[in-house]
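Fold and geometry: a report
One-letter residues, chain by chain:
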Amino acid sequence: MGRIGRTLAVKSLTRFFVATVIVLAACLPLMYLLMERYYKEDLDELIIFRYDDFVKHKLPAFSTNDIPVWNGYNEDMLILPYREGLKIGEVSQEEHYNRAEGHEIYYRVYYGEVLIEGHPYVFMSRIPMIESKDLWKTLSAQYGVLFIVLLVSLSVLYYYMSKRLWRPFYTTLGAISRFDLGQGVVPAMGTSDTVEFERLNRILEELLSGNIRVYNDQKKFIENASHELQTPLAVFLSQLDMLLQSPDLTDRQSRTIQTLYSVASRMTRLNKNLLLLAKIDNSQFRQREDLDFIQLLNAQLEYLRPMAEDNGLSMTVQTDNSLIINANKTLVESLVNNIVVNAINHNVQNGAILVSVCGTRFTVTNTGEGTALDPEVIFRRFNKFTDGRKGNGLGLSIVAQIVRLHKWGIAYEYTDSGHSFIVNFAAENGSTSVPSTRHE
Amino acid sequence: MKVLLVEDEVELSQNIVAYLSTDDYLCEQAFTYDQAMEKIALYSYDCILLDLNLPGGDGLRILDEIKARDIDSGVIIISARGSLDDRIEGLKTGADDYLAKPFPLPEIGMRIYAVMRRRKFTGNNRIESGNVEIDLLAKSVAVEGREVSLTKSEYELLLFLIGNKKRVVSKNSIAEHLSGDMADMLDSYNFVYAHIKNLKAKLSKAGSTNNIKTIYGTGYQWEE
């Protein structure tokens, strides 16, 4: 995953925010047009009223001599000689010179026909429009405040509403993130009154319990298969043992028998380890006790040290006095054996092994080939580094599985002094993660 | 010495019988639960090898019957179950030993030998083979009175060979016997060879008339 993800809340809020800004901004021109329209209507009413008022109250006593005086006092109500081409009886918008502003501006203008002493005149009633620049300014200021209030309140509202709406989703998400196939328990998803979430929960529950069922069948199958293999293996091995008793074996026959022994031995250990893994998976090692790891380690090393020395390796042991852990004894023994035997098997000639316990950390370091191993792969069953002649590709996955079962931590490090496997007994749900064993 | 072998797998049963008969063991076979119960009721045995998964019943119930009848036989459980729980239950019920399948035949030879030794020669903790003498309590070995200093592995190896005398034991079975569960994790044939070589050298230097015969690098045989 290359992109850094954002949470649903942030993502939807961002989108809502942007959309709201766009919508609100688009409303501004609309507001402008509306304002302008109602303003004009207002002005038009006023200029028509002035005309009507003039006709009603002033015109009956008006003479042509009064015209210059009238025009001198009424800048926006002028009596002009009649001329063709004027739009009589309707309001129009025209540009006229405005003395106050010192330039031409828009006026709402109404021309009405009047008869003064029998002569036709035109009564021009006009009023200047608000300048559009000014209208924009006023509108922006007013609308701006509204804009911000709306935006903030809507966003806050939206945030809390969506948070509430999505709560069941996060509950479900939390539940399935704690799901561990090995534990075999479907997490409680809770219920929701949202139809979709309720459906999601039910579907997930079905899916997970289905997975658990298949996984359990699979585990049971492996255990049964390994069990069934033991008897034929026993027969095979006993046949070889009998064949070896023949007094007249040739050199060649002996070699064949030896090869068969090797194969039988590999099959046996493979089968044993498969069975052990299956049993760990099937949680048949529930029994825990408080035991002194140092004591247990020393007991195992009594067997392991001569083995290392037989293989021409030197072994150094550094431990504290005691380390009490709560664990299954059989499995801890298996863990120690597998890690140390791994260090013996994948060593170099005249190599060295360092076994140390410091605090809660159990470390086994061995000299070996000068390249680091891929920590992602080494704990998997039958990984690509598996060399059939040495080990069986299951040793480290057994170790990983035991660590996982006890919720400890395991890490692999490669330094100048060699390959190190570190088991941390204190890493309950801790920092060093255990790679989950993948079933491939 | 009479041995009853209760094992439903015919091939395996025949091989165990054939392997044991080269020594002075007299083997009888039972293939089912009922056969086993019948034989136990009729005859007495020094040692009973008991499989747990039998047609007709659970082997552990035969063990209960043996204990209930107070039959004085050594009992070794041979089972494919192999889990720790079965092991503990078997030993609790009163079995003398427990062997998980698959096992090498020399291992069962050795276990019977050990059970017999414990039961028959109580108080006598010495084994003699030719001019080699083993003190089981002190875990010391002497050739014509002269002590031979052996490592723990060499001592175990010597006992294993003598326990399977006259028969050929494979390198495989030696490795498994000496290193137990760890044998199957290690390429252990080299160290078997090394131990044999050292043991041979120490014994012959001490003047032992016995010989460890090598069968083309596949197995070894203790000659008395």
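Cut-offs used in this document
The residue numbering used here restarts from 1 in each chain and proceeds along that chain's sequence as written. Following the order in which they are written, the chains are lettered starting with A and the ligands numbered starting with 1. Note on the predicted model: pLDDT of at least 70 is required for a residue's local features to be given, and 80 or more for side-chain atom pairs to be given and counted; whole-chain, interface and lining totals, by contrast, use all residues. With hydrogens and water excluded, all non-hydrogen atoms of the structure serve as input to the side-chain values. For the purposes of this entry, the term helix denotes a DSSP run of H or I that reaches at least four residues, the term strand denotes a run of E that reaches at least two, and both are numbered from the N terminus. Three labels apply to residues, based on accessible area from a 1.4 Å probe with only protein chains included: buried if under 20% of the type maximum, exposed if over 50%, partly exposed otherwise in between. Pairs of residues are marked as contacts when any of their non-hydrogen atoms sit within 4.5 Å. What sets the accessible areas is the Shrake-Rupley method with a 1.4 Å probe; for residues, cover comes only from the shown protein chains. Side-chain atoms within 4.5 Å link the members of a nonpolar core, which is a set of buried Ala, Val, Leu, Ile, Met, Phe, Trp, Tyr and Cys residues. Centres within 6.5 Å make a pair out of two Phe, Tyr or Trp rings, where for Trp the six-membered ring is used; the pair is then stacked when the planes are under 30 degrees apart, edge-to-face when over 60, and tilted otherwise. Note on pairing: DSSP must find at least two bridges between two strands before they are called paired. Working convention: axes come from line fits to C-alpha atoms, limited for helices to the stretch in contact. Angles between N-to-C directions cover 0 to 180 degrees. We define buried area as the total accessible area lost by two parts upon association, computed with a 1.4 Å probe and summed across both. The rule for a salt bridge is simple: a side-chain nitrogen of Lys or Arg has to be within 4 Å of a carboxyl oxygen of Asp or Glu. Pairs of N or O atoms within 3.5 Å make up the polar contacts considered here, provided that, within protein, one atom can donate a hydrogen while the other can accept it, and that residues adjacent in sequence are counted only when both atoms are side-chain atoms. Put simply, a patch holds well-exposed residues, over 30% relative accessible area, that have no salt bridge, with like charges counted together within 9 Å and Val, Leu, Ile, Met, Phe, Trp or Tyr side chains within 5 Å.

1. Remarks on the overall build of chain A
From N to C terminus, chain A includes eight helices and eleven strands. For chain A, the proportion of its 440 residues judged to be buried stands at 40%. Across chain A, contacts joining residues at least 24 apart in sequence account for 66% of those joining residues at least 6 apart. When the accessible area of chain A is evaluated, it comes to approximately 25,500 Å², of which 56% is carbon and sulfur surface.

2. What about the overall build of chain B?
Along chain B, the regular secondary structure elements total eight helices and 14 strands. The 224 residues of chain B split such that 56% are buried. Taking the intrachain contacts of chain B between residues at least 6 apart in sequence as the baseline, contacts between residues at least 24 apart amount to 59%. In the form shown here, chain B has an accessible surface area of approximately 9,400 Å², with 46% of it arising from carbon and sulfur atoms.

3. Examining the nonpolar core
Formed by 53 residues in total, the largest nonpolar core has its most connected members in B:Ile16, B:Leu49, B:Ile112, B:Ile134, B:Leu158, B:Leu161 and B:Ile174. Dropping the residues within four chain positions of it, B:Leu49 is found in contact with B:Val3, B:Leu4, B:Leu5, B:Val6, B:Ile16, B:Leu20, B:Ile76, B:Ile78, B:Ile108 and B:Ile112. Ranked by size, the runner-up nonpolar core spans 47 residues in total, among them A:Phe293, A:Leu301, A:Met307 and A:Trp408.

4. Here we look at the packing of aromatic side chains
Residues and elements named next belong to chain A. One pass over the structure, following the stated rule, counts 19 aromatic pairs over all chains. Between the aromatic rings of Tyr51 and Phe123, the centroid separation amounts to 5.8 Å while the plane-to-plane angle is 55°, which identifies the pairing as tilted. One end of the pair, Tyr51, is in helix α1 (residues 8-58); the other, Phe123, is in strand β4 (residues 119-128), with 72 residues separating them in the sequence. Comparing Tyr51 with Phe123 shows no difference in burial state: the two are buried. Ring geometry for Phe54 and Phe123: centres 4.5 Å apart, planes at 25°, overall stacked. Placement of Phe54 in helix α1 and of Phe123 in strand β4 is noted, with a sequence separation of 69 residues between them. Phe123 shares its class with Phe54; the two are buried.

5. Details of the sheet that holds strand β8 (residues 126-129) of chain B
All names here are of chain B. Judged by pairing direction, the sheet is antiparallel, and its four strands sit side by side in the order β8-β9-β10-β11 without closing on themselves. Strands with a single pairing partner mark the edges of an open sheet, and in this sheet they are β8 and β11 (146-148). In this sheet, neighbouring strand axes are inclined to one another by 30° on average, regardless of whether the strands run parallel or antiparallel. Alignment of strand β10 (residues 140-143) against β11, held across three bridges, turns out to be antiparallel. When the bridges of β11 are listed, Ala142 appears paired with Glu147. On top of the sheet, helix α6 (residues 152-163) reaches β8, β9 (132-135) and β10; it is set at about 115° to β9, its chief contact.

6. Looking at the interface of chain A and chain B
Taken together, the contacts link 37 residues of chain A with 39 residues of chain B. Across the chain A/chain B interface, buried area totals approximately 3,500 Å², and carbon plus sulfur atoms make up 61% of it. In this structure, the connection of chain A to chain B is made through zero salt bridges. For the interface between chain A and chain B, the tally reads seven residue pairs in polar contact (both at pLDDT 80 or more).

7. Re the environment of B:Thr209
If you trace the backbone, B:Thr209 turns up in the loop between α8 (189-205) and β13 (211-215). Along the primary structure B:Thr209 and B:Ser129 are separated by 80 residues, whereas in three dimensions their C-alpha atoms are 9.8 Å apart.

8. Let's talk about the pairing of strand β11 (residues 418-424) of chain A
Regular strands place side chains that alternate from one sheet face to the opposite one. Residues and elements named next belong to chain A. Of all seven residues in β11, seven are buried; the element is thus mostly enclosed. Pairing analysis gives six bridges linking strand β9 (residues 361-366) to β11, with the strands arranged antiparallel. Following the sheet pairing, Arg361 is matched in β11 by Asn424. The pairing of strand β10 (residues 409-415) with β11 spans seven bridges and is classified as antiparallel. The residue of β11 that forms the bridge with Gly409 is Asn424. Two successive antiparallel strands, β10 and β11, enclose a turn made up of two residues.

9. Description of the pattern of salt bridges
All names here are of chain A. Taken as a whole and assessed by the stated rule, the structure comprises 17 salt bridges over all chains. For Glu41, the salt bridge is made with Arg37, and the minimal N-O distance between the two is 3.7 Å. Linking Glu41 with Arg37, this pair stays in helix α1, spanning four residues, or about one helical turn. For Glu41, a relative accessible area of 38% corresponds to the partly exposed category. Take Arg37: its relative accessible area is 51%, and that puts it in the exposed class. Linking Arg202 and Glu198 is a salt bridge whose minimum nitrogen-to-oxygen distance equals 2.1 Å. One end of the pair is Arg202 and the other is Glu198, both in helix α4 (residues 195-243) and four residues apart, which spans about a single turn. Three or more residues are tied together by salt bridges with common partners; here these are Glu198, Arg202 and Glu205.

10. Overview of the sheet that holds β11(A)
Residues and elements named next belong to chain A. Strand order in this open sheet of five strands is β6-β8-β9-β11-β10, and the pairing throughout is mixed. Each having just a single partner strand, β6 (314-319) and β10 make up the two edges of the open sheet. Along the sheet, successive strands turn relative to each other by an average axial angle of 15°, direction set aside. As paired elements, β6 and strand β8 (residues 352-358) share six bridges and run parallel to each other. If you follow Met315 over to β8, its bridge partner there is Ile353. Where helix α7 (residues 329-345) meets the sheet, its contacts fall on β6, β8, β9 and β11, and the angle it forms with β9 comes to roughly 20°.

11. Things to note about a nonpolar patch on the surface
Residue and element names in this part refer to chain A. Taken together, the side chains of Leu146, Leu150, Leu154, Leu157 and Met161 present a nonpolar region at the surface, about 440 Å² in accessible area. Take Leu157: it is sitting in helix α3 (residues 132-177). By relative accessible area, Leu157 is classed as exposed at 52%.

12. Quick notes on unusual backbone geometry
Looking along the chain, the bond that leaves B:Lys101 and enters B:Pro102 is cis, with omega of -5°. Within the secondary structure, B:Pro102 sits in the loop between β7 (97-100) and α5 (105-120). The phi torsion at A:Lys407 lies on the positive side, around 60°, for a residue other than glycine. Relative to the assigned elements, A:Lys407 resides in the loop between α8 (395-405) and β10. The exposure class of A:Lys407 is partly exposed, given its relative accessible area of 37%. Even without a glycine there, the phi angle at B:Lys166 is positive, about 75°. Within the fold, B:Lys166 resides in the loop between α6 and β12 (168-170).

13. Focus on the side chain of B:His195
For B:His195, the position within the fold is in helix α8. Residue classification places B:His195 among the buried positions, given a relative accessible area of 7%.

By themselves, these figures tell us nothing about what the structure is for.
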